[in-house]
Amino acid sequence: MLLVLAMLVPAAAADVFWFGPGLPIQIVIASLSALLAESVMLALRREPLQPSLGDGSALVTAALLAFALPPLAPWWVAACGSAFAIVFAKHLFGGLGRNLFNPAMAGFALLLLTFPAEMSRWSMPIVVASHHLGFTDTLTTIFTGVPPVAWDAISSATPLDAVHSGLKTGATLQEVLARTSTAHSASIWSSLGILLGGLGLLGLRIIRWPSPVSMLAAVVVSAGLLNAIDPGTYPGVLFHLTSGATLLGAFFIACDPVTTAASHRGRLWFGAGVGLLTVVIRSWTAYPDGIAFAVLIMNLFVPLIDRLTVPRIYGHAR
Amino acid sequence: MEVTIATGRQRGVRLIGAAQRSAASAPSAASAPPQLALSLALPDGSSLVPVVRIGEYVRLGQVVAWSPDCEGTPLHASVSGQVSAIELRDAIGMSARMPAIVIDNDGRDERDPGLIPVADYTLRSAEELLARIEAGGIVGLGGAAFPTHLKLAPTPSTPVETLVINGVECEPGIQCDDMLMRYRAESMLFGAQVMLHIVGAGRCVIAIEADKPEAIAATRTAVKAAGDARLSVAIVPTYYPAGGERQLIEFLFGTQVPAGGLPRDVGVVCQNVGTAAAIATLIRTGEPLVSRLVTVTGLGVAFPRTLEVRLGTPLSHLIEECGGYTPDITRLIAGGMMMGVALPHDALAVAKTTHCVIAATAADLVPRGPAMPCIRCGDCAEACPSHLLPQELYRHAVEEDDAGLARFGITDCIECGCCDAVCPSQLPLVSVFGAARRQLQVNTVTTERRDLARQRFNAHTQRLAVEQAERQRRLKERRPAGRKDE
Amino acid sequence: MPPVVLLSGAAFVLALLGAWVMQRRSPGEQNDEQTLIDQVDALLPQTQCGQCTFTGCRPYATAMVRGEADINQCPPGGHATAARLARLLERPSKPVDPVFGDPLAPPLVAYILEELCIGCARCLPACPVDAILGAARFTHTVIAADCTGCKLCIAPCPVDCIEMRPVVHLAAPH
Ligand code: SF4
Ligand code: SF4
Ligand code: SF4
Ligand code: SF4
Ligand code: SF4
């Protein structure tokens, strides 16, 4: 579990480079809240705090949630989301190993539905922002909710947001993409960081290949198909792969063992479902990114997938 | 010991740095102890019946116990001397004390005059040789102790094409098959040829693990010297449980033995290398199974080695032969690091199934942390050689859901311990599965008994009802007709 | 418009698939009274001893299903059976009430001391599972495999020649 956290470091570094020190602060807030929630829940369920608290699963949930938040979101956003993830998505389902839904994604979905405004104020990449927020400024912004300068000076849409809303205003995809190119290159760097960490996880055999491979394959195929049909409306494969939480989802979220299918074959189906739903949600619904909802929907199908993919036991006919 | 999931075609685990290998000198004969205890226990929990009396003088190779219902093969005296007791004693791997014949060794090793070799086995019929093998008390020496003559007996519906001589000792630490192949390959091949003659198979594959180069070289040389085109050597990758009969067949021939079936159903008979050598001794000298190779290993013993040991030798004597315990001995284990059983004390005696004794220290044992909840990581399923879903089995075992256990194939679990060894949550999977399987057996018997009792109760109730009705009817008939109007 | 159709279509297809799988895997559950009685009866030990105050296991099962008896009246089943009954019938779990008998008693089997038996045949109708073999004026004997250990044959015997013995097990392999 702690190795999973270590593998998030490259992506976090890229994020800090492009968007300032918001992310680490969010991770700390989310972690504290998660640990507190975990302790309270363990105490309420009369279970020993150690070893459950020390296994790091709450910290991983918190870190993944923090990655999905805007770096300058007010502190109570991360705290609420993280507590909800631990209390509702994890412990009310029976604790570690029994939760149906990915806790981090459940927390994120809740935040998206309850605090849409805070959840869409994404930071502008430092290189283009007219004002650069230092560590203290970032801290004040997160804890008071008021930035030292106007929000407009430091926030901008994510590439996915830009495409999503840009297309509605009648701009062509190419114009939108050109407008958001800096933000996109920032997100490419973050994605590379995630990719590095993900390959590390694969190399250390902490995660297995089926979920990420099938999820990315599903994204590539479905996005490629849409792009081929109508290149003016649907962005290309590379854009899908490098923007939003695609890679984070593939390597860190769809691979969460608890909430994915049990067998390799089941994980292939699970990953494919997540990939497909992500592209569907991005292309046709009110939400710019679809990872969270795609994962949550596929979580619902895990029991079904598990039933249908029981491996053939040695010596038994099909 | 370090455990990783085996990669490649086969399911299983790789075990690195487990109990140290015993010294690579030729296996020498352990001295015969002053007193031996031959356990009459059979693997299924029943026991053999003694045919000697207390005080009787027995000779080396004389039958001392047999199985009236042919569940097991006869047991022979492994020394000459006087039977001093027939009593209940602890036996390796048994939960209850089992009868044993205690013999005071007179040190003369006087042979039973009835032991005669077979001059030319090719002139004898399969039936005769099988009867010899049965009378020679030969059982599978790989650990299962299944009577060899039953395994070799011809079944017309399933002809045997291939004989597999299993030299894959996949459990780390055990080295008796390795030693046997290194130093007695010729004898093993002779035994294999006898078995080929019996089963009428066209080829014989001697399977050896890749990490035993000396054994491979010695066996290859012996095969060349034998000049028998039916014999060949196959090299099996090093992983656990490559030596499991079903896993070995899957690796060698790409076919799976059907569930509930036997290797015969796919035209294969598997025999351990030690069994082959024991058959060679029997045919060449007439001597039945009275000794076997035992590996004594682990950091808890001074000079680990593989010894030729008489059946019935107390483990304490064996340990002394190897220089005694070292101070940091923590546990005595019979069998390998994965499938072995911990022993309560060292007054237990070597039996036909005892291939290895590990005097383990803390460094030999895999440390076990507290069990955490299952995180459904699937590592166990990836390691399971039976292609089961241990995480599901575990869930149903905890919930005591017999139907669920059966659905996920608890009866197909070979209790190899791979799942247990790789589980990051340190769940005690094998022991839970073993207990669940035994409980399931008990429950099945109970259910049968209950169903029977229910049927009999219903029949009883019905019969009483019929009898009652009959009585009423008769009572009515006996009444005078006129009284009806009153 | 097309996305809406597509998504709801997909949802519909998936729902149908789910329903089909569920139906295929779990045969339709009929929860009528008889089925429930069968399920309850299956949990009972079938000793037919009457300690529960009913004339046998099935009558007790019927009474429980109809709410006329509690789940803690069967001593031969022990606490484990009481717990399973509570789970199946969704009632509060409680240990077996010792008023009905000793829930920890080991399993027994009846044995007739044949040299004492006078062949009166009074034990025959008492045995709920017809496990006693005999006829008037002949020595009787118990078929041990069929005897449930209910002790109902003890009382009728005029010469007290029936005794209960512990069930013998083979030593189990480790
Ligand atoms: S012990 Fe059973 S379930 Fe576990 S790996 Fe071995 S066969 Fe599979
Ligand atoms: S290896 Fe252990 S934690 Fe992982 S799925 Fe299997 S039982 Fe669960
Ligand atoms: S007490 Fe139990 S075993 Fe005896 S009749 Fe009643 S339900 Fe059956
Ligand atoms: S023989 Fe006696 S104890 Fe056994 S079932 Fe019949 S009545 Fe009951
Ligand atoms: S009641 Fe007693 S004496 Fe009479 S037949 Fe039965 S066992 Fe024999």
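Just so we're clear, the structure is a prediction, and the values are computed from it rather than from any experiment.

**What to know about the overall build of chain C**
Within chain C one finds 5 helices and 4 strands. A burial count over chain C gives 36% of its 174 residues as buried. Accessible surface, chain C: about 10,200 Å² in total, of which carbon and sulfur atoms supply 62%.

**What about a nonpolar patch on the surface?**
All names here are of chain B. A surface patch of nonpolar side chains, about 310 Å² in accessible area, is lined by Val-49, Val-51, Val-63 and Trp-66. Tracing the sequence through the fold places Val-49 in strand E5 (residues 49-50). Classification of Val-49 by relative accessible area gives partly exposed; the value is 34%.

**Re the interface of chain B and chain A**
In this complex, chain B contributes 29 residues to the contact, which on the side of chain A involves 23 residues. Together chain B and chain A conceal approximately 2,100 Å² of surface at their shared face, both sides included; 55% is due to carbon and sulfur atoms. Among the ionic pairs, Asp-379 of chain B bridges to Arg-208 of chain A, the shortest N-O distance being 2.7 Å. Connecting chain B to chain A are 16 residue pairs in polar contact (both at pLDDT 80 or more). Elements supplying a minimum of two residues to the side of chain B that touches chain A: helix H5 (245-253), helix H8 (379-383) and helix H9 (390-398) of chain B. With 3 residues, the single largest contributor to the side of chain B that touches chain A is H5 of chain B.

**Let's talk about empty space enclosed by the protein**
Residues and elements named next belong to chain A. Evaluation of the coordinates by the stated rule reveals 6 cavities of 30 Å³ or more. For the largest cavity, the calculated volume is near 130 Å³. Along the wall of the largest cavity there are 14 residues; nearest its centre are Phe-19, Leu-72, Met-124, Ile-126 and Leu-133. A class-by-class count of the residues in the lining of the largest cavity yields 8 nonpolar, 6 polar and no charged.

**Points about the sheet that holds strand E6 (residues 57-58) of chain B**
Residue and element names in this part refer to chain B. Ordered by their spatial adjacency, 4 strands build an open sheet running E4-E10-E9-E6, and the pairing between neighbours is antiparallel. A single partner strand is all that each edge strand has here, and the edge strands are strand E4 (35-39) and E6. Examined bridge by bridge, E4 and strand E10 (residues 98-105) share 5 bridges and lie antiparallel to one another. Considered in E10, the bridge of Ala-37 is made with Val-102.

**A word on the interface of chain C and chain B**
Between chain C and chain B, the residue contacts involve 25 residues of the former and 20 residues of the latter. Counting the surface lost from both chain C and chain B, the interface buries some 1,900 Å², and carbon and sulfur atoms represent 46% of this. Scanning the region where chain C abuts chain B turns up 4 salt bridges. The closest approach of N and O atoms between Arg-463 of chain B and Asp-130 of chain C, which form a salt bridge, is 2.8 Å. Across the contact surface, chain C and chain B share 12 residue pairs in polar contact (both at pLDDT 80 or more). At 3 residues, the largest contribution of residues to the side of chain C that touches chain B is made by helix H2 (residues 33-43) of chain C. Here the side of chain C that touches chain B is built from residues that sort into 15 nonpolar, 6 polar and 4 charged.

**A few points about the domain arrangement of chain C**
Residues and elements named next belong to chain C. Taken domain by domain, chain C holds domain 1 (3-88) and domain 2 (106-169). Listed by partner, the interface residues are 4 residues for domain 1 and 6 residues for domain 2. In total, domain 1 and domain 2 occlude about 320 Å² of area from one another, counting both sides; carbon and sulfur atoms represent 63% of this. On the domain 1 side of the interface with domain 2, the three residues burying the most area are Thr-47, Gln-48 and Cys-49, jointly 91% of the side's total. At the junction of domain 1 with domain 2, the criterion picks out 0 salt bridges. Counting every contact that joins domain 1 to domain 2 gives 1 residue pair in polar contact (both at pLDDT 80 or more).

**What to know about helix H3 (residues 176-199) of chain B**
All names here are of chain B. An ideal rise of 1.5 Å per residue puts 34 Å on 24 residues; H3 reaches only 26 Å between its terminal C-alpha atoms. In H3, a bend of some 100° at Arg-184 exceeds every other bend along the element. Judged by how many residues are buried, H3 sits mostly within the fold: 20 of 24 residues are covered. Taken from the residues just after H3, Gly-200 is the one with a positive phi, measuring 70°.

**Some remarks on the site of ligand 4**
In the vicinity of ligand 4 lie 13 residues, with Cys-127, Cys-147, Cys-150, Lys-151 and Cys-153 of chain C positioned nearest. Grouping the amino acids of the shell around ligand 4 by side-chain chemistry returns 10 nonpolar, 2 polar and 1 charged.

**As for the environment of Ala-218 of chain A**
All names here are of chain A. With respect to the helices, strands and loops of the structure, Ala-218 is situated in helix H14 (residues 210-229). Ala-218 sits in the buried class, given a relative accessible area of 13%. When the C-alpha atoms of Ala-218 and Thr-182 are compared, they prove to be 27 Å apart, with 36 residues separating the residues in sequence. Non-local contacts of Ala-218, meaning those with residues more than four positions away in its chain, are made with Ala-272, Gly-275 and Leu-276.

What counts, and at which threshold
- Sequence order sets the numbering: in each chain, residues are counted from 1 along the sequence as written.
- For this description, chains carry letters from A and ligands carry numbers from 1, given in the order in which they are written.
- Totals for whole chains, interfaces and linings use all residues, but because this is a predicted model, local features are given only for residues with pLDDT of at least 70 and pairs of side-chain atoms are given and counted only at 80 or more.
- Where side-chain values are given, they derive from all heavy atoms of the structure, hydrogens and water being excluded.
- We count a stretch as a helix when DSSP gives it H or I for four or more residues in a row; a strand needs E for two or more, and each element gets its number in order from the N terminus.
- When a residue's accessible area, from a 1.4 Å probe over protein chains only, is under 20% of the maximum for its type it is buried; when over 50% it is exposed; and in between it is partly exposed.
- Using a 1.4 Å probe, the Shrake-Rupley method yields the accessible areas, and only the shown protein chains count as cover for residues.
- A patch is a set of surface residues, each over 30% in relative accessible area and not in a salt bridge, joined within 9 Å for like charges and within 5 Å for the nonpolar side chains Val, Leu, Ile, Met, Phe, Trp and Tyr.
- Salt-bridge detection follows one rule: a side-chain nitrogen of Lys or Arg within 4 Å of a carboxyl oxygen of Asp or Glu.
- Residues count as neighbours in contact if any of their non-hydrogen atoms are within 4.5 Å of one another.
- Note on terms: buried area is the combined drop in 1.4 Å-probe accessible area of two parts once they are placed together, counting the loss on both.
- Polar contact is the term for a pair of N or O atoms within 3.5 Å; when the atoms are in protein, one must be able to donate a hydrogen and the other to accept it, and sequence-neighboring residues count only if both atoms are side-chain atoms.
- Method remark: on a 1 Å grid restricted to protein atoms, a set of points is classed as a cavity if a 1.4 Å probe fits but cannot get out and as a pocket if it is open with protein on both sides within 12 Å along at least five of seven lines; lining residues have an atom within 4 Å of a point.
- Grid points are joined across faces, edges and corners, and a volume is the space filled by probe spheres set on the points.
- Three classes are used, and their members are as follows: Ala, Val, Leu, Ile, Met, Phe, Trp, Tyr, Cys and Pro are nonpolar, Asp, Glu, Lys and Arg are charged, and the others, Gly among them, are polar.
- One requirement defines pairing of two strands: DSSP has to find at least two bridges between them.
- In this document the domain limits rely on a domain assignment from an automatic tool or a database.
- Helix span, expected: 1.5 Å multiplied by one less than the number of residues in the helix.
- Bend, at a single residue, is the angle you get between axes fitted to the 7 residues ending at that residue and the 7 residues starting at it.
- Each residue is tested against the molecule or strand, and it is near if at least one of its non-hydrogen atoms lies within 4 Å.

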